[in-house]
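# Understanding the architecture of this molecule
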Amino acid sequence: MSGVPFTTPASVLTVMAHPDDAELWAGGTLARCSASGAAVTIAVPRHAEPGRDTEAATGATILGATLYQYDQLTVTILRELLLAVRPEVVITHPLRDVHPDHRAVADTLVAALPDVVIATGHPHRVYTADSYNSITLDGPIPAHTIIDITDTYEQKQRALAAHASQPITDHFGPMAETLARLWGSRIGVNHAENFVPLPVLGRLPTAPAM
């Protein structure tokens, strides 16, 4: 569990399934990385529902991130994105997420990683983010790398609120508040987000720090 000082990675790529996922599951951490000088990229799908692409762009801007939108995530497209960005850190959904779209994105990322890591050495670290009420198909998400987002929590909520077409006020916003407070209580801060490392060619981070 993280109790060490936050070390800002040089670059972060988050690959998510829906236009509001980056804000919901990792928004405070992405904002903190961006404020500390990291190049932050959010990759999410284009959406057929009117207005959701604009919401995604607005949310990314609030977090200080660059938005990359894809029509259909394939291993080839994701390899090309990873090669172009060469992120130090990648964040995605849990492999056993309760949402099938989340699982599909995470599986595609895992399939794309080996060739890219062998060719470039990047990413150095890969993490999965939180999910609905911190539950996966295998049970509770374990506490591992808990990032203090107290200073960027308001920024996270503003970015989430940009997705006005979604039930933010009555559903996602309160859930994000509850999760942030619960993870924060683990490390004695007001708000936090939790991440769990995925092996990169059999390697895991040597310390619980992003």
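Please refer to the structure placed before this passage.
Predicted, not measured: the structure shown is a model, and the values here were computed from it. (Residues numbered from 1 in each chain as written. Predicted model: local features only at pLDDT ≥ 70, side-chain atom pairs only at ≥ 80, totals over all residues. Heavy atoms only, no water.)

### Describing empty space enclosed by the protein
Over the atoms, a rolled probe matching the size of one water molecule traces out where space is still vacant. Going by this rule: Lining residues are those with an atom within 4 Å of a point, where the points come from a 1 Å grid over the protein atoms alone and group into cavities, where a 1.4 Å probe fits but cannot get out, or pockets, open sets with protein on both sides within 12 Å along at least five of seven lines. Grid points are joined across faces, edges and corners, and a volume is the space filled by probe spheres set on the points.
Going through the model one piece at a time under the given rule, you end up with one cavity of 30 Å³ or more. In this structure, the largest cavity is lined by Leu-24, Trp-25, Asp-130, Lys-156, Ala-176, Leu-179, Ala-180, Trp-183, Ala-192, Glu-193 and Asn-194.

### Describing the packing of helix α5 (residues 153–161) against helix α6 (residues 168–187)
Test applied: Axis geometry follows a simple rule: fit a line to the C-alpha atoms, using only the stretch in contact for helices, then measure angles between N-to-C directions, giving values from 0 to 180 degrees. Each helix corresponds to a stretch of at least 4 residues labelled H or I by DSSP, and each strand to a stretch of at least 2 residues labelled E; elements are numbered beginning at the N terminus. Roughly parallel means an angle under 35 degrees; roughly antiparallel, over 145; roughly perpendicular, 65 to 115; everything else is oblique. Working rule for handedness: look at the near helix, and if it is turned counterclockwise from the far one by less than a right angle, call the crossing left-handed; if clockwise, right-handed. Should any heavy atoms of two residues lie within 4.5 Å, those residues are counted as being in contact. Amino acids are sorted into nonpolar (Ala, Val, Leu, Ile, Met, Phe, Trp, Tyr, Cys and Pro), charged (Asp, Glu, Lys and Arg) and polar (every other residue, Gly among them).
The N-to-C vectors of α5 and α6 enclose an angle of 155 degrees; their axes lie 11 Å apart at closest approach. As far as their axial angle goes, α6 and α5 are roughly antiparallel. In this structure, α5 crosses over α6, and the sense of that crossing is right-handed. Contacts between α5 and α6 involve Tyr-153, Lys-156, Gln-157, Leu-160 and Ala-161 from the former and Ile-168, Phe-172, Gly-173, Ala-176, Glu-177 and Ala-180 from the latter. Of the residues belonging to the contact of α5 with α6, the class tally is seven nonpolar, two polar and two charged.

### Remarks on the layout of surface pockets
Each pocket or cavity is described by its volume, and for the largest pocket that value is around 180 Å³. As for the largest pocket, its lining consists of 13 residues, and the residues nearest its centre are Pro-94, Leu-95, Arg-96, Thr-128 and Thr-136. A per-element tally of the lining of the largest pocket places strand β9 (residues 192–198) first, with three residues. Here the lining of the largest pocket is built from residues that sort into nine nonpolar, two polar and two charged.

### So, the packing of aromatic side chains
Put simply, the test is: Here the aromatic set is Phe, Tyr and Trp, taking the six-membered ring for Trp, and pairing holds for ring centres within 6.5 Å; pairs whose planes are under 30 degrees apart are stacked, those over 60 apart are edge-to-face, and all others are tilted. Think of it in three bands: residues with accessible area under 20% of the maximum for their type are buried, residues over 50% are exposed, and the middle band is partly exposed, with areas taken using a 1.4 Å probe on protein chains only.
In total, this model carries one aromatic pair according to the counting rule given. On the numbers, 5.2 Å between centres and 85 degrees between planes, the contact of Trp-25 with Tyr-132 is edge-to-face. Separated by 107 residues along the polypeptide, Trp-25 in helix α1 (residues 21–35) and Tyr-132 in the loop between β5 (125–128) and β6 (135–136) bring together distant segments of the chain. When its relative accessible area of 2% is taken as the criterion, Trp-25 is described as buried.

### Describing the side chain of Ser-131
Which entries qualify depends on this criterion: Contacts described as polar in this section are N or O atom pairs within 3.5 Å, which, within protein, must combine one atom able to donate a hydrogen with one able to accept it, while residues neighboring in sequence count only if both atoms come from side chains.
Here Ser-131 shows up in the loop between β5 and β6. Looking at Ser-131, its side chain comes within polar contact range of the side chain of Asp-97, at 2.9 Å. Setting aside anything within four residues of it in sequence, one finds Ser-131 in contact with Trp-25, Pro-94, Asp-97, Val-98, Ile-141 and Leu-179.

### Considerations on α6
Keep this limit in mind: Expected helix span is computed as 1.5 Å times (number of residues minus one).
The end-to-end C-alpha separation of α6 is 26 Å, in line with the 28 Å expected for 20 residues at 1.5 Å each. Within α6 the residues assigned to the buried category are Ile-168, Phe-172, Gly-173, Met-175, Ala-176, Leu-179, Ala-180, Trp-183 and Gly-184. Of the surrounding elements, those touching the buried residues of α6 are α1, β8 (145–148), α5 and β9. Note on α6: the residue one or two positions beyond its end, Gly-188, has a positive phi of about 75 degrees.

### Notes on the nonpolar core
Test applied: Definition used in this section: a nonpolar core is a set of buried Ala, Val, Leu, Ile, Met, Phe, Trp, Tyr and Cys residues joined via side-chain atoms within 4.5 Å.
Judged by nonpolar contacts, the single largest core of 36 residues is most densely connected at Leu-30, Ile-42 and Ile-91. Going through the elements one at a time, α1, β2 (39–45), α2 (52–63), β4 (89–92), β8, α5, α6 and β9 are the ones with two or more residues in this core. The next biggest cluster of nonpolar side chains, apart from the first, holds 19 residues, and it includes Ala-17, Tyr-70, Leu-78 and Leu-113.

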